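# Residue-level structure breakdown
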Amino acid sequence: MPAWAVRIGIAVADALGLTDLAKTIAGMILVFVVFALLAVVSVTLAPFALVSALAGGATTGGGAQVPPALGFWATGLVAHDAAAANVPAALALAVMDHESGGDWTASHRNGNGTTDAGLMQVNSANWTAYGLGSDPYAPAANVRAGVAILAADLARHPGNVGAALEAYNAGAAAAGRVFDPGYPGAVLADVQTIEAGPHLAAAPLALPAVGAGRQAIVITAFAPFGRTPQAFDGQKWPELVPPRTITATAGGQAVTLWPLASAPAAVRLLLPQDASGWVAAAPAGQPVTVTATWVRAVTQPYRGPHGGRHTRIVQTPVTLMTTAQ
């Protein structure tokens with residue numbers, strides 16, 4: 001038991017005029033209460049600290065910017081659920097971008113008394129039907145529900161992504177009314193941003209320690225460089241994939257990287273379930289350089305040995321670097 005906590009307990013007991021035995025018991029109870037409150041505060045604030053860290057992190061992407069927290073979900077939940085529902089992953093991620101920016105704690109109270117919750121801002125009118133009754137903010141369930149709703153809207157409006165997006169925005173309660181005429185254009189602009197190039201973000205996380213004199217750096221990365229593009233509504237929608245290689249260095253020395261799922265326990269306490277990304281254990285106070293490399297397949301024309309024109313698929317590396325401090 002820390003000496004400062006004992007002193008506080010004794011002082012309180014003295015003020016109350018308690019016996020020595022009562023002083024000891026009171027001190028122990030007070031210490032337990034203080035540490036319990038600290039634990040509750042840490043766990044409660046953890047998601048907000050993590051969102052804040054990534055929101056302020058350096059982001060690099062082929063001439064475009066997306067919220068860094070989107071990287072948590074791009075190559076895991078979104079890619080899996082979109083493929084299962086035959087929905088373009090880039091479109092599903094763009095809806096998430098426009099709805100929550102990747103913040104799994106996002107909530108919005110509507111004028112009609114309903115609530116939009118979580119990554120895909122699923123309306124409370126749909127929670128029961130899509131299995132969100134127990135926890136509408138749980139990332140995996142929320143993304144699965146949002147993608148299913150988007151798939152149903154696309155099926156009701158074949159060949160018209162704009163109308164499907166209007167339906168997603170308005171919800172079933174609006175009975176087909178257009179709620180926000182600018183919504184489809186904004187989401188499709190997000191698709192273009194996502195497809196503009198690979199995206200890499202890194203930010204220090206202040207709360208957890210990963211060893212004496214070290215800090216945790218949270219990293220997210222994804223790119224639209226999938227092997228088999230999806231054909232949808234006359235367009236090509238590539239898959240979203242993580243980098244082929246990712247490294248971190250500080251002061252010219254390699255830094256240990258863990259996938260989020262196997263990060264140290266002190267860090268995992270602050271992470272949402274089912275998030276994808278990495279954690280680097282870096283020297284405290286030193287800049288950390290993160291490098292990620294993808295392989296992109298490019299169709300390249302060439303002349304054959306007899307002068308004919310041909311095409312071939314060439315794999316070219318695409319590398320991004322960013323620094324967190």
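No experiment lies behind these values; they were computed from the predicted model shown.

Attention now goes to empty space enclosed by the protein. This structure, assessed with the given rule, holds one cavity of 30 Å³ or more. The space that makes up the largest cavity amounts to roughly 40 Å³. Elements supplying a minimum of two residues to the lining of the largest cavity: strand E5 (199-205) and strand E6 (214-222). Residues of the lining of the largest cavity, tallied by class, amount to eight nonpolar, four polar and no charged.

Turning next to helix H5 (residues 139-156). The end-to-end C-alpha separation of H5 is 26 Å, in line with the 26 Å expected for 18 residues at 1.5 Å each. Among the 18 residues in H5, 13 count as buried, and that is most of the element.

So, about the confidence of the model for the protein. Per-chain confidence: the protein averages 79 in pLDDT, with 73% of residues scoring 70 or above. When mean pLDDT is compared element by element in the protein, strand E9 (residues 245-250) scores highest at 95, while helix H2 (residues 20-55) scores lowest at 47. Segment residues 1-6 is flagged for pLDDT under 50; beyond a separation of four residues in sequence, or across chains, it makes seven contacts in the model. Ignoring residues within four places in sequence, the model shows residues 30-46, a span with pLDDT below 50, making twelve contacts including any to other chains.

For the rest of this paragraph, the subject is the pattern of salt bridges. Tallied over the entire structure, the rule returns one salt bridge. Arg156 is the salt-bridge partner of Asp153, the closest N and O atoms lying 2.6 Å from each other. Of this pair, Asp153 and Arg156 both sit in helix H5, three residues apart, roughly one helical turn. We classify Asp153 as buried; its relative accessible area is 3%.

Turning to the sheet that holds strand E4 (residues 122-123), a few remarks are in order. Overall, antiparallel pairing links the three strands, which are arranged E2-E3-E4 in an open sheet. Each edge of the open sheet is held by one strand with a lone partner, namely strand E2 (107-109) and E4.

Cut-offs and rules
Residues numbered from 1 in each chain as written. Predicted model: local features only at pLDDT ≥ 70, side-chain atom pairs only at ≥ 80, totals over all residues. Heavy atoms only, no water. 1 Å grid on protein atoms, 1.4 Å probe; cavity = no way out; pocket = protein on both sides within 12 Å on 5 of 7 lines; lining within 4 Å. Points joined across faces, edges and corners; volume = space filled by probe spheres on them. Helix = DSSP H or I, 4+ residues; strand = E, 2+ residues; numbered from the N terminus. Nonpolar A, V, L, I, M, F, W, Y, C, P; charged D, E, K, R; others polar. Expected span 1.5 Å × (residues − 1). Buried < 20%, exposed > 50% of the residue type's maximum accessible area, 1.4 Å probe, protein only. pLDDT = per-residue confidence, 0-100. Contact = heavy atoms within 4.5 Å. Salt bridge = Lys/Arg side-chain N within 4 Å of Asp/Glu carboxyl O. Pairing = 2+ DSSP bridges.

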